[in-house]
Amino acid sequence: SSKTFWTTTGMFPQELIIGFPKCVKISKVAIQCYLVRTLRIERSISKDPVGFEECIEKDLQHTEGQLQREEFPLPEFQATYLRFIIKSAFDHFVSVHRVMAEGT
């Protein structure tokens, strides 16, 4: 829902894990967030959310008063779980408003 969001508790790192019903092929991940400085995305192809491996880490641009919108192309990428780790922020609290994964 565009009217809901996930917010941190004020300490870093913070993480958010998204699970799929089975291992899927993902071509792109997009995120809309606020005040995130450094974001890492990891994946797991296990049946359970274990054994994560780093896929990408990026420093995001600060956008005062606006959501940050970032897209990460991931060619030939499979995952059962995605873990988003917010390593640092531009403020004490950040929010994640939308996460989208495209693929099959």
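Residues numbered from 1 in each chain as written. Predicted model: local features only at pLDDT ≥ 70, side-chain atom pairs only at ≥ 80, totals over all residues. Heavy atoms only, no water.

**Comments concerning the pattern of salt bridges**
Considering all chains together, one arrives at 10 salt bridges under this definition. Residues Arg83 and Glu15 are paired through a salt bridge, measuring 3.9 Å at the closest nitrogen-oxygen approach. With Arg83 in strand E5 (residues 68-89) and Glu15 in strand E2 (residues 14-34), the pair connects residues that are 68 residues apart, well separated along the chain. Residue classification places Arg83 among the buried positions, given a relative accessible area of 19%. Its relative accessible area of 42% is what places Glu15 among the partly exposed residues. (Salt bridge = Lys/Arg side-chain N within 4 Å of Asp/Glu carboxyl O. Helix = DSSP H or I, 4+ residues; strand = E, 2+ residues; numbered from the N terminus. Buried < 20%, exposed > 50% of the residue type's maximum accessible area, 1.4 Å probe, protein only.)

**Some points on the pairing of E2**
Examined bridge by bridge, E2 and E5 share 15 bridges and lie antiparallel to one another. Residue pairing across strands places Ile26 opposite Phe77, the latter belonging to E5. Here 8 bridges tie E2 to strand E6 (residues 95-103), and the two strands are oriented antiparallel to one another. Considered in E6, the bridge of Ala30 is made with Met100. (Pairing = 2+ DSSP bridges.)

**Let's talk about the sheet that holds E2**
What the 6 strands build is an open sheet, ordered E1-E6-E2-E5-E3-E4; its pairing is antiparallel. Bordering the open sheet on either side are strand E1 (6-7) and strand E4 (53-59), each of which pairs with just one other strand. Where E1 meets E6, 2 bridges bridge the pair, whose relative direction is antiparallel. By the bridge assignment for E6, Trp6 is matched with Val96.

**Quick word on the nonpolar core**
Among the nonpolar cores identified, the biggest contains 21 residues, and Ile26, Leu39, Leu82 and Phe84 are the most heavily contacted of them. Sorting elements by how many residues they give to this core places E5 first, with 8 residues. Ignoring anything within four residues of it in the chain, the contact list for Ile26 reads Phe20, Leu74, Phe77, Ala79, Leu82, Ala101, Glu102 and Gly103. (Core = buried A, V, L, I, M, F, W, Y, C linked by side-chain atoms within 4.5 Å. Contact = heavy atoms within 4.5 Å.)

**A short note on the side chain of Ser44**
As for its placement among the helices and strands, Ser44 is situated in strand E3 (residues 36-44). Judged by relative accessible area, Ser44 falls into the buried class, the value being 1%. From its side chain, Ser44 meets the backbone oxygen of Val50 in a polar contact 2.6 Å long. For Ser44, the contacting residues outside a window of four places in its chain are Val50, Gly51, Phe52, Ala79, Thr80 and Tyr81. (Polar contact = N/O pair within 3.5 Å; in protein donor to acceptor, adjacent residues only side chain to side chain.)

**Structural notes on the confidence of the model for the protein chain**
Atom-level detail of predicted coordinates should not be read off regions where pLDDT is low. When pLDDT is averaged along the protein chain, the result is 93; 100% of the residues meet or exceed 70. Per-element confidence in the protein chain ranges from a low mean pLDDT of 92 for E1 to a high of 97 for E3. (pLDDT = per-residue confidence, 0-100.)

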